[in-house]
Structure formats: structure tokens, C-alpha cells
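Working through the structure, step by step
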Amino acid sequence: MEKSEHNDTVTILVDDIPVTVPAGISVAAAVLGHHHAGETYTNPVDGSPRAPYCLMGVCFECMMEINGEPNIQSCLVTVEEGMIVKRQVATAGAK
Ligand code: FES
């Protein structure tokens, strides 16, 4: 079988967990697609619940750290092989 020059998937790290997703989707979609029951998205400042909502750059509920840069609107960023994503959940002490 001949190997395709084009990969249909990419693997990214989401909170240190490798996740393989379709190439060309947004980081927000990739993270939502691999959301596990019991996991929560929280505002890093006050700990209130949040999650990507509009998926078009309006609501700012999808802020994530991408490749070490915090507060990126993840719905506006396309996944790339080896990308490192952190959901920026609330830290200890947030209410
Ligand atoms: S999901 Fe609304 S700005 Fe990204």
C-alpha cells in the first residue's frame, strides 16, 4: 500500500495527553471532541464554569495556552502536528 503524502490527522498534546484529531479543525473543536465526562472547563481567574461557545471568535470562552502562549482564542487556531495545548483551568485558590 502506498503511503499518502498528506496526513489526514495530527497529534497534539492536550493537558499533557496525546490526542489525534482530524487535520484542519480548530484547537477548540479538537479539545471539545476529546472532552471526557467529569472534566470541567473553568475560568482561570474566578473558577466559574466555561467552555468554547461561539466557535467564531466572539465570546472569548475558549481561551487556552497554545505552545506556551496563554490566552489564545483556540477557536481561531488550526491544529498543527505536535502542538501543545493547555486548557487554562482555574488554579488553586480561585473561587
Ligand atoms: S469559542 Fe467563542 S471566541 Fe472562541
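Above this note sits the structure.
Throughout, residues of each chain are indexed from 1 in the direction in which the sequence is written. In view of the model being predicted, local features appear only for residues whose pLDDT reaches at least 70, and side-chain atom pairs are presented and counted only at 80 or more, with totals across whole chains, interfaces and linings using the full set of residues.

**Side note on the overall build of the protein**
Helix and strand assignments follow DSSP, with helices taken as H or I runs no shorter than four residues and strands as E runs no shorter than two, numbered in order from the N terminus. On a plain count of helices and strands, the protein comes out with 1 helix and 5 strands. Put simply, the protein runs from its N terminus to its C terminus through helices and strands in the order β-β-α-β-β-β. Whether a residue is buried, exposed or partly exposed follows from its count of other C-beta atoms within 10 Å of its own C-beta, namely 20 or more, 12 or fewer, or something in between, respectively; the C-beta atoms are built from the backbone. For the protein, the proportion of its 95 residues judged to be buried stands at 22%. Restricting to contacts in the protein with at least 6 residues of sequence separation, those with at least 24 account for 45%. For the purpose of contact definition, each residue receives a C-beta atom placed from its backbone, and two residues are in contact when these atoms lie within 7 Å.

**Thoughts on unusual backbone geometry**
A positive phi angle, near 50 degrees, is found at Asp15, a position not held by glycine. Structurally, Asp15 is set in the loop between β1 (9–14) and β2 (17–22). In this structure Asp15 comes out as partly exposed when scored by C-beta crowding, with 16 C-beta atoms within 10 Å.

**Some thoughts on the sheet that holds strand β4 (residues 69–73)**
One open sheet accounts for 5 strands, arranged β2-β1-β5-β3-β4; its pairing is mixed. Of all strands in the sheet, those with a lone pairing partner are β2 and β4, marking the two edges. Here the average twist between neighbouring strands, direction ignored, is 40 degrees. Pairing between strand β3 (residues 63–66) and β4: 3 bridges, direction antiparallel. When the bridges of β4 are listed, Ile66 appears paired with Glu69. Pairing between strands is defined by DSSP: at least two bridges between the two strands are required. In this analysis, axes come from line fits to C-alpha atoms, helices being fitted only over the stretch in contact, and the angle between any two N-to-C directions falls in the range 0 to 180 degrees.

**Topic: the environment of Gly82**
One can find Gly82 in the loop between β4 and β5 (84–86). The exposure class assigned to Gly82 is exposed, which follows from the 11 C-beta atoms found within 10 Å. When the C-alpha positions of Gly82 and Asn67 are compared, they lie 9.2 Å apart, and in sequence the two are 15 residues distant.

**What to know about the nonpolar core**
Ranked by size, the top nonpolar core spans 13 residues in total, and within it Val27, Ala30, Met64 and Val85 carry the most contacts. Counting only elements with at least two residues in this core, the list comes to α1 (27–33) and β3. The greatest single-element share of this core, amounting to 4 residues, is contributed by α1. Contacts of Met64, omitting those with residues within four sequence positions, involve Val27, Ile72, Ser74, Val85, Lys86, Arg87 and Gln88. What makes a nonpolar core is a set of buried Ala, Val, Leu, Ile, Met, Phe, Trp, Tyr and Cys residues, with links drawn between C-beta atoms within 7 Å.

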